[in-house]
Amino acid sequence: MANNRGMTATTDQSTNDLVVDMSKKVLQLEPGRNKLLDDLKQVETFQTQFYYQDDQMVRFSDTLGAAVADGTTTTITVSNKDRWAINDLGFIPSTGEIIKFTAVAGSGAGTTTVVRGAGGTAAAASNSVAIIKIGSSWGEGSSTRDASNNIISLETVKNPNYNYTQVEKTIVSQTNTQIAVGQGGGMYSGDPRKYQQAMAGKIHARKMNHTAWYGKRAISGNDRKTGGFIEFVTTTAGTTTLSAANIDTDLAVFFRYSADSNQEKKLYATRRVAAKLSATVDSQIVWNDPKAGGELDKGMTAGRRVRHYVGDSGEFDIVVEDALGDYATYAGYGVFIDHTDTALRYLHGRNTKLMVDANLADVDGKVDYLLTEFGIQRGLAAHHAAWTAVAA
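Since the structure is predicted, the reported quantities are computational estimates derived from the model, not experimental observations.

### A look at the layout of surface pockets
Of the volumes computed, that of the second largest pocket is approximately 170 Å³. Taken together, Leu-37, Leu-40, Gln-42, His-204, Ala-205, Met-208, Leu-344, Tyr-346, Asn-351, Thr-352 and Thr-372 make up the full set of residues lining the second largest pocket. At the level of secondary structure, the elements contributing two or more residues to the lining of the second largest pocket comprise helix H4 (192–214) and strand S19 (342–347). With 3 residues, H4 is the largest single contributor of residues to the lining of the second largest pocket. When its residues are assigned to classes, the lining of the second largest pocket shows 6 nonpolar, 5 polar and no charged.

### Considering the packing of aromatic side chains
Counting across every chain of the model gives 15 aromatic pairs. With centroids separated by 6.3 Å and ring planes inclined at 75 degrees, the aromatic side chains of Phe-255 and Phe-336 adopt a geometry described as edge-to-face. With Phe-255 in the loop between helix H5 (244–254) and strand S14 (264–269) and Phe-336 in strand S18 (residues 334–337), this residue pair connects regions lying 81 residues apart in the sequence. Assessed through its relative accessible area of 5%, Phe-255 is described here as buried. Residue class for Phe-336 comes out buried when judged on its relative accessible area of 0%. Ring geometry for Phe-316 versus Phe-336: centroids 5.0 Å apart, planes at 85 degrees, classification edge-to-face. With Phe-316 in strand S17 (residues 315–320) and Phe-336 in strand S18, the pair connects residues that are 20 residues apart, well separated along the chain.

### Some words on helix H6 (residues 271–281)
Within the sequence span of H6, burial applies to Val-273, Ala-274, Leu-277, Ser-278 and Val-281. All buried residues of H6 fall inside an arc of 130 degrees around its axis, so they share one side. Of the exposed residues in H6, the ones pointing more than 90 degrees away from its buried face are Arg-271 and Ala-279.

### Regarding the packing of helix H3 (residues 176–183) against H4
Running from N to C, H3 and H4 cross one another at 105 degrees; their axes reach a closest spacing of 8 Å. Looking at the two axes, H3 sits roughly perpendicular to H4. On the side of H3, the interface is formed by Gln-178, Ile-179, Gly-182 and Gln-183, while H4 contributes Pro-192, Arg-193 and Gln-196. Residues that form the contact of H3 with H4 fall into these classes: 2 nonpolar, 4 polar and 1 charged.

### Things to note about the nonpolar core
Within the largest apolar cluster, 24 residues are counted, with the highest numbers of intra-cluster contacts made by Leu-36, Trp-213 and Val-335. Elements represented by at least two residues in this core include exactly helix H1 (35–39), H4, helix H7 (322–325), S18, S19 and strand S21 (365–378). With 4 residues, the top contributor of residues to this core is H4. In contact with Val-335, not counting residues within four places along its chain, are Trp-213, Ile-230, Val-233, Lys-266, Leu-267, Tyr-268, Leu-324, Ala-385 and Ala-386.

### Focus on the sheet that holds strand S8 (residues 130–136)
Hydrogen bonds along the backbone pair up the strands of a sheet, which may run parallel or antiparallel. Spatially, S3-S8-S5-S6-S7-S4 is the arrangement adopted by the 6 strands of the open sheet, whose pairing is antiparallel. Of all the strands in the sheet, just strand S3 (61–63) and strand S4 (75–78) have a single pairing partner and so form its edges. Taking the axes of each pair of neighbouring strands and ignoring which way they run, one obtains an average angle of 45 degrees across the sheet. Note that strand S6 (residues 97–103) and strand S7 (residues 110–115) share 3 bridges and pair antiparallel. Counted as the bridge partner of Ala-103 is Thr-113 from S7.

### Structural notes on the pairing of S19
Along a regular strand, successive side chains alternate from one face of the sheet to the other. Burial analysis of S19 places 6 of its 6 residues in the buried class, which makes it a mostly covered element. Across 4 bridges, the pairing between strand S1 (residues 42–45) and S19 is parallel. Each bridged residue has a counterpart across the sheet, and for Thr-45 the counterpart in S19 is Leu-347. Across 5 bridges, S19 lies against S21 in antiparallel orientation. Residue pairing for S21: Arg-345 is matched across the bridge by Gly-375.

### Considerations on the environment of Ala-103
Within the secondary structure layout, Ala-103 lies in strand S6. Residue Ala-103 is classed as partly exposed on the basis of its relative accessible area of 33%. Once the C-alpha coordinates of Ala-103 and Thr-113 are considered, the two residues, 10 residues apart in sequence, prove to be 5.0 Å apart.

What counts as what
Residues numbered from 1 in each chain as written. Predicted model: local features only at pLDDT ≥ 70, side-chain atom pairs only at ≥ 80, totals over all residues. Heavy atoms only, no water. 1 Å grid on protein atoms, 1.4 Å probe; cavity = no way out; pocket = protein on both sides within 12 Å on 5 of 7 lines; lining within 4 Å. Points joined across faces, edges and corners; volume = space filled by probe spheres on them. Helix = DSSP H or I, 4+ residues; strand = E, 2+ residues; numbered from the N terminus. Nonpolar A, V, L, I, M, F, W, Y, C, P; charged D, E, K, R; others polar. Phe/Tyr/Trp six-rings, centres within 6.5 Å; stacked < 30°, edge-to-face > 60°. Buried < 20%, exposed > 50% of the residue type's maximum accessible area, 1.4 Å probe, protein only. Arc of directions from axis to C-beta. Axes fitted to C-alpha atoms, helices over the stretch in contact; angles between N-to-C directions. Parallel < 35°, antiparallel > 145°, perpendicular 65-115°, else oblique. Contact = heavy atoms within 4.5 Å. Core = buried A, V, L, I, M, F, W, Y, C linked by side-chain atoms within 4.5 Å. Pairing = 2+ DSSP bridges.

Quick look at the structure:
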């Protein structure tokens, strides 16, 4: 302390002698950050590798594997014999001809036997063009005993979707000295053990949210990794400018397949994409929160006010997801997810738990950790889509 005559002021006080003016509540940044994790329903699984839905896509189109030279030949080549069966009708748009398949054997590309000019259409030569299945035509009283006409094996591609469960741990530790100081009131954050446990919970949730986005499905021995949505989404558009025309074009593709007839998805967008979308089609966006004067009264979504887009192709909530926007590689991303068949699958008895006193007996401190064994159920890839390159 400096030597003074008269009244002293706080500026004369040793800074070591002053109590720091600080809230007893230590504020945390980014509450409610984990948007995707919040939106995934939780479903139990009993297997570390879990299956959830077959990707069965009915194929109604094919291409002629070789040109048809004239209007009389009854042997034609198709690119995928698996998609055709006896009595199927194929329409060739370029010529208007309908052909009827009478013999199909084997799979892959190859020749088939057909009746030309079915349904009174004119038989004509054609190049290697598209051919569309328009149904099948069976005679009255005809037999259906031939197992080779099994529609499930012929017309669908069965690709079982699966993922693995991943063991996630977040560990915190304190010395017993630190705990004693905190419990005695020597720390503004209070009991350091409880404080670190709370902080670990936030970090643990954020790690899981990142896994749901960026995880890569893999297994090596007993080390399993669950796959996230970024690697899973295959329907993408490299649109750089979100003009009204570009948006309409992309959404027509993005909403081609949906899990139900409602045609609703959720768009997880970076701040860049959300701003560009709002600036372009603001008239088609309303608030989901009636308190904000929105026209669409759907209330709060996971405790958040969100915006809702309504268009001709479908409708979707707009959620700003900083887990994407924080990284330059994904700054132009907007990911559409159909949540009808998505979930966070936790292994039986292994949903998030705080495990305490994991330290060895001779350690002068405490070790605690959070543990979750979980996997991401991602539905069908065709139900999701993404913008990947929206420019600033």
